[in-house]
Amino acid sequence: MIRASFAHVDTWVFDLDNTLYHPSAGLFERMNPRMTAFVMRVAGVDEKRADFLRDEYWRTHGSTLAGLMAEHDMDPDDYLDHVHNIDINHLRPDPQLEKQIASLPGRKIVYTNGTSSYAKRVLAARGLTTPFDAVYGVQEAGLLPKPTAAAFAKVFEADGMTPDKAAMFEDEARNLAVPHALGMRTVHVHDEPETGEHIHHHTDDLTGFLSQLG
């Protein structure tokens, strides 16, 4: 049974974007043009080249921010403020998801490659603020992105959690490799399953999956 494989878990780690809301909400569609515009300004390139670099930095450095910091002299705070300044008024509360998260035994945290302030805005819009004990973003990770091991280490140490007694829920499969290596139970939350030894479970329905654990 699925429940038995999580019986040892006392800390539940959730990614934010495309995990605690469905990708159809389109928040990245709102952020991506802002990222591209920032790359255009910092790198001095046209929109087509900036759009390519935005994706290339994400692939090779873990995030567009990490790529910009590695390749250009830039202020990360300006980037983070600009990219996350999007309208999220279309998000709606999800009382069923809130109920299932709240029912999990132990500590619940959010860990995102975005900022913690942005994450708190999204959680409030989704009606998910109450169940979570802490929210960590890229700034708390020392501006290092998932999937780098050092980013996870900074956040997990700050939280005081024990990884081999924790579970990670994440839409990006590559971001589950380090948690798996640390002994965490891993859940890939995505409409399309991916396989790999670092993925213990897959679901396209987070609420339904969590309902099996209570």
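What counts, and where the lines are drawn
- Residues numbered from 1 in each chain as written.
- Predicted model: local features only at pLDDT ≥ 70, side-chain atom pairs only at ≥ 80, totals over all residues.
- Heavy atoms only, no water.
- Phe/Tyr/Trp six-rings, centres within 6.5 Å; stacked < 30°, edge-to-face > 60°.
- Helix = DSSP H or I, 4+ residues; strand = E, 2+ residues; numbered from the N terminus.
- Buried < 20%, exposed > 50% of the residue type's maximum accessible area, 1.4 Å probe, protein only.
- Lys NZ or Arg CZ within 6 Å of the ring centre and 35° of its normal.
- Salt bridge = Lys/Arg side-chain N within 4 Å of Asp/Glu carboxyl O.

Let's shift gears to the packing of aromatic side chains. What the rule picks out here adds up to ten aromatic pairs. Pairing Tyr111 with Phe156 gives two aromatic rings, centres 6.4 Å apart and planes at 70 degrees, and the pair type is edge-to-face. With Tyr111 in strand S2 (residues 107-111) and Phe156 in helix H8 (residues 149-159), the pair connects residues that are 45 residues apart, well separated along the chain. The pair formed by Tyr111 and Phe156 is uniform in burial state, with each residue classed as buried. Taken together, Phe6, Trp12, Phe14, Phe132, Phe169 and Phe209 form an aromatic cluster joined through their ring pairs. Positioned above the aromatic ring of Phe38 is the side chain of Arg41, whose terminal nitrogen or guanidinium carbon lies 4.6 Å from the ring centre.

Our next topic: the pattern of salt bridges. In the structure shown here, the tally under the stated rule is eight salt bridges. A salt bridge links Arg59 to Asp55; the shortest N-O distance between them is 3.9 Å. Of this pair, Arg59 and Asp55 are both found in helix H3 (residues 47-61), four residues apart, which corresponds to roughly one turn of the helix. Judged by relative accessible area, Asp55 falls into the partly exposed class, the value being 38%. A cluster of three or more residues bridged by salt bridges with shared partners is formed by Asp15, Lys146 and Glu170.

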